[in-house]
Amino acid sequence: MAKVTTDIAKAADLLIADQVVAIPTETVYGLAGNIYSSLAIQKIFEIKKRPKFNPLIVHVSSIAQAIKITKEFPEKAKILAENFWPGPLTLVLDKNPMIPDLVSAGKQSVAIRIPNHPTTLSLLEKLPFPLAAPSANPFNRISPTKAKHVADYFDSEIPLILDGGNCQRGIESTIIGFEKEAPVVYRLGSLALEEIENLVGEVRIKNQADNSPSAPGMLKKHYAPKTKSILVEDAEKALEHITNEHVGIITFDRSIRSDKVKHQIVLSETGDFREAAANLYDALHIMDEMELDLIIAEQAPNQDLGKSINDRLSRATQ
Ligand code: TXA
Ligand code: MG
């Protein structure tokens, strides 16, 4: 049984002893281990049932630490780090050879971020090593945004879940890599593209059809509920064609009246992108537990974090 606790010292002790523990971040909960412990890193892959070709994000508590584990820190990466760390931005940079191949899945690069959560920042400051942490969900399933989601997945597999409350951002970090010094988006996330482009100019979004899983978070099917789910432009219209009895609806900001709808979640009544993003995965978790015949998700406006919300909804409904 995993102990759900706010005891940072206890989590640190376990991590020092090569154990894997769940940690809160502002985006989603992570399954964390010492990057230098092959035992811990192997456990992470095993517990998640994650393919070994899929590298992990390294979590550090300072830019100095990030610089240490990289070979080079391009100018634009520096600008982004200084502006958005701690925060929901992951930078993929050439790695220093000290980063174990197991963590970077044999790549010459390493993904790094400073998470913006007081509990985990204080944990990282106590530890003499960075933490590798993928999202704390089994491969391809919905990411966890509260301690309970992690307990539902991994109660018997990990000794401790560090409880940091509900994740404030609720969607994974935005991942940026560099190709010939130009920033490239590998995964849309909690940091809106507009915010990034305001600082470093236009960024290219890596086409998933490239089919080199530079960020397998870009795999077509991901973040998926078990219940059959579809993504539509207009949920009201979609309902006209639907004969299922138990339908759940997730909308961005409007509510829909229909006898067919058994359960409905509005992500943000006021149409606030941040609030909607923070509620997205919990909505999918709730709907997935209701034994519905079908979940209908309606697209968010395709701007700001609406792009990231739509990205996740489209992968969840493949
Ligand atoms: O918000 C987040 O980023 C959360 C929290 C826990 O920090 N973590 C997270 O980790 O989402 P994970 O493992 O679920 O997703 C990490 C993504 C994967 O798609 C992986 O392929 C990509 O990062 N990635 C890691 N290292 C990479 C590298 N060297 N090059 C390209 N992509 C990389
Ligand atoms: Mg993940």
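Above this text is the structure in question.
Residues numbered from 1 in each chain as written. Chains lettered and ligands numbered in written order. Predicted model: local features only at pLDDT ≥ 70, side-chain atom pairs only at ≥ 80, totals over all residues. Heavy atoms only, no water.

### Thoughts on the sheet that holds strand E13 (residues 247-251)
Strand order in the open sheet formed by four strands is E12-E15-E13-E14, with parallel pairing between adjacent strands. The two strands at the open ends of the sheet, each matched to only one other strand, are strand E12 (229-232) and strand E14 (261-266). When the angles between neighbouring strand axes are averaged without regard to direction, this sheet yields 20°. Where E13 and E14 come together, five bridges link them in parallel fashion. (Pairing = 2+ DSSP bridges. Helix = DSSP H or I, 4+ residues; strand = E, 2+ residues; numbered from the N terminus. Axes fitted to C-alpha atoms, helices over the stretch in contact; angles between N-to-C directions.)

### Focus on the pattern of salt bridges
Under the definition given, this model contains 14 salt bridges. The salt bridge involving arginine 113 is made with glutamate 26; its shortest N-O contact spans 2.9 Å. Of the two residues, arginine 113 sits in strand E6 (residues 109-113) while glutamate 26 sits in the loop between strand E2 (21-23) and strand E3 (30-34), which places them 87 residues apart along the sequence. Just as arginine 113 is buried, glutamate 26 falls in that class too. Salt bridges linked by common partners bring Glu172, Asp311, Arg312 and Arg315 together as one network. (Salt bridge = Lys/Arg side-chain N within 4 Å of Asp/Glu carboxyl O. Buried < 20%, exposed > 50% of the residue type's maximum accessible area, 1.4 Å probe, protein only.)

### What to know about the packing of helix H1 (residues 8-16) against helix H6 (residues 118-126)
Two elements in contact, H1 and H6, have axes separated by 10 Å at closest approach and are oriented at 50°. By the angle class used here, H1 and H6 are oblique. The handedness of the crossing between H1 and H6 is right-handed. Residues Ile8, Ala9, Ala11, Ala12 and Leu15 of H1 pack against Thr119, Ser122, Leu123 and Lys126 of H6. When grouped by side-chain class, the residues that make up the contact of H1 with H6 number six nonpolar, two polar and one charged. (Parallel < 35°, antiparallel > 145°, perpendicular 65-115°, else oblique. Left-handed = near helix turned anticlockwise from the far one by under 90°. Contact = heavy atoms within 4.5 Å. Nonpolar A, V, L, I, M, F, W, Y, C, P; charged D, E, K, R; others polar.)

### Structural notes on H6
Of the positions making up H6, those classed as buried are Thr119, Thr120, Leu121, Leu123 and Leu124. Elements that come into contact with the buried residues of H6 comprise H1, E2, strand E4 (57-59), strand E7 (131-132) and strand E8 (160-162).

### Focus on H1
Listing the buried residues of H1 in full gives Ile8, Ala11, Ala12, Leu14 and Leu15. An end-on view of H1 places all buried positions within 165° of arc, on one side of the element. Buried residues belonging to H1 abut E2, E3, H6, E7 and E8. Put simply, aspartate 7 is the residue that caps the front of H1, since its side-chain oxygen is 3.2 Å from the backbone nitrogen of alanine 9. Looking one or two residues past H1, aspartate 18 carries a phi angle of roughly 65°, positive in sign. (Arc of directions from axis to C-beta. Polar contact = N/O pair within 3.5 Å; in protein donor to acceptor, adjacent residues only side chain to side chain.)

### Describing the packing of aromatic side chains
The final tally for this structure, using the stated rule, is three aromatic pairs. Note on tyrosine 223 and tyrosine 281: the rings are 6.2 Å apart at their centroids and 15° apart in plane angle, and the pair reads as stacked. Of this pair, tyrosine 223 sits in the loop between strand E11 (204-205) and E12 while tyrosine 281 is found in helix H10 (residues 273-288), placing the two residues 58 residues apart along the sequence. Its relative accessible area of 2% is what places tyrosine 223 among the buried residues. (Phe/Tyr/Trp six-rings, centres within 6.5 Å; stacked < 30°, edge-to-face > 60°.)

### A word on the packing of H10 against helix H11 (residues 306-316)
For any two helices packed against each other, one specifies the inter-axial angle together with the distance between the axes. Where H10 contacts H11, the axes come no closer than 9 Å and their chain directions differ by 15°. Considering their axes alone, H10 and H11 lie roughly parallel with respect to each other. Crossing geometry of H10 relative to H11 is assigned as left-handed. Residues Phe273, Ala276, Ala277, Leu280, Tyr281 and Leu284 of H10 touch H11, and the partners they reach there are Gly306, Ile309, Arg312, Leu313 and Ala316. Class assignment for the residues of the contact of H10 with H11 results in nine nonpolar, one polar and one charged.

### Focus on unusual backbone geometry
Omega for the peptide link from tryptophan 85 to proline 86 comes to -10°, which places this bond in the cis form. Its location among the elements puts proline 86 in the loop between helix H4 (75-84) and strand E5 (89-94). Phi at lysine 49 takes a positive value of approximately 55°, unusual for a residue other than glycine. Examined against the element boundaries, lysine 49 turns out to sit in the loop between helix H2 (38-48) and E4.

The values reported here are purely geometric and, on their own, carry no functional implication.
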